[in-house]
Amino acid sequence: RGYLARQKLCRAMELVSVQSYKKAEELYISLVLQEHGEGFHWVEPVHGLATLYYMRGKYEDAKVLLEMVLDVKPWHFDALSSMILVC
């Protein structure tokens, strides 16, 4: 985490907003892999990737990621509401 990771996360969200999905997916995945090496605690990149997968109709992939988020933070409201959409 930190400033650079947050900047990457913001950039991924910007890419989604302009429908540059492949680049956004690459950024989200790099953040997830980077964070996962330190222990999985920062769920926002995982949630962002799940949202992107939902938007692209990859509901099963989104569901798996949302379950990961909720395992770490069961109170994550956005993940809870997204889970309703993918189930």
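The structure displayed is predicted, hence computed values, not measured ones.

Participant: In this structure, what is going on with the overall build of the chain? I would like to understand it.
Facilitator: Across its full length, the chain holds five helices and zero strands. The order of helices and strands in the chain, counted from the N terminus, is α-α-α-α-α. The C-alpha atoms of the chain give a radius of gyration of 12 Å, which matches the 12 Å a tight globule of 87 residues would have. If you line up the chain on its principal axes, its C-alpha atoms span 35 × 30 × 20 Å. For the chain, the proportion of its 87 residues judged to be buried stands at 38%. For the chain, the share of sequence-separated contacts (at least 6 apart) that also reach a separation of at least 24 residues comes to 45%. If you sum the accessible surface of the chain, you get close to 5,400 Å²; carbon and sulfur atoms cover 57% of it.

Participant: Whenever I open this one, the environment of L49 confuses me. Can you help?
Facilitator: Structurally, the position occupied by L49 is in helix α3 (residues 44–55). For the pair L49 and L15, spaced 34 residues apart in sequence, the C-alpha separation works out to 12 Å. Leave out the neighbours within four places in its chain, and L49 touches E25, Y28, I29 and L65.

Participant: Is there a simple way to think about the pattern of salt bridges in this case?
Facilitator: Where charged atoms from two side chains of opposite charge approach closely, those side chains can pair. Under the criterion given, the structure shown has two salt bridges. With its nearest N and O atoms 3.4 Å apart, the salt bridge here joins E14 to R11. Of this pair, E14 and R11 are both found in helix α1 (residues 3–17), three residues apart, which corresponds to roughly one turn of the helix. Taking the shortest distance from any N to any O, the salt bridge between E25 and R56 comes out at 4.0 Å. Of this pair, E25 sits in helix α2 (residues 21–37) while R56 sits in the loop between α3 and α4 (59–72), and the two are 31 residues apart along the sequence. Relative accessible area serves as the criterion here: at 9%, E25 is assigned to the buried category.

Participant: What is the right way to read the packing of α3 against α4 from this model?
Facilitator: Helix packing for two helices is described by the angle between their axes and how far apart those axes are. Interhelical geometry of α3 versus α4 gives an angle of 160° and a closest axis separation of 8 Å. It follows that α3 is roughly antiparallel to α4 by the angle criterion. The handedness of the crossing between α3 and α4 is left-handed. Contacts between α3 and α4 involve V46, H47, L49, A50, Y53 and Y54 on the former and, on the latter, Y59, D61, A62, L65, L66, M68 and V69. Tallied by class, residues from the contact of α3 with α4 come to eleven nonpolar, one polar and one charged.

Rules of the game
Per chain, residue numbering runs from 1 following the sequence as it is written. Since the coordinates come from a predicted model, pLDDT governs what is reported: local features require at least 70, and pairs of side-chain atoms require 80 or more to be given and counted, while whole-chain, interface and lining totals use all residues. The side-chain figures draw on all heavy atoms in the structure; neither hydrogens nor water molecules are used. In DSSP terms, a helix is any run of H or I states spanning at least four residues, a strand is any run of E spanning at least two, and both are numbered starting from the N terminus. Restricting the calculation to C-alpha atoms gives the radius of gyration, and the globule rule supplies 2.2 Å times the number of residues raised to the power 0.38. Throughout this description, buried means an accessible area under 20% of the type-specific maximum (1.4 Å probe, protein chains only), exposed means over 50%, and partly exposed covers the range between. Contact between two residues is taken to exist if any of their heavy atoms lie within 4.5 Å; hydrogens are not considered. Using the Shrake-Rupley algorithm and a 1.4 Å probe, accessible areas are obtained, with residue cover drawn only from the displayed protein chains. For salt bridges, the criterion is a side-chain nitrogen of Lys or Arg within 4 Å of an Asp or Glu carboxyl oxygen. Axis definition: a line fit to C-alpha positions, over the contact stretch in the case of helices; interaxial angles, taken between N-to-C directions, run 0 to 180 degrees. Just so you know how the angles are binned, under 35 degrees is roughly parallel, over 145 roughly antiparallel, 65 to 115 roughly perpendicular, and the rest oblique. In this scheme the crossing of two helices becomes right-handed for a clockwise turn of the near helix relative to the far one and left-handed for an anticlockwise turn of less than a right angle. Gly is put with the polar residues, along with every residue not named as nonpolar or charged; the nonpolar set is Ala, Val, Leu, Ile, Met, Phe, Trp, Tyr, Cys and Pro, and the charged set is Asp, Glu, Lys and Arg.

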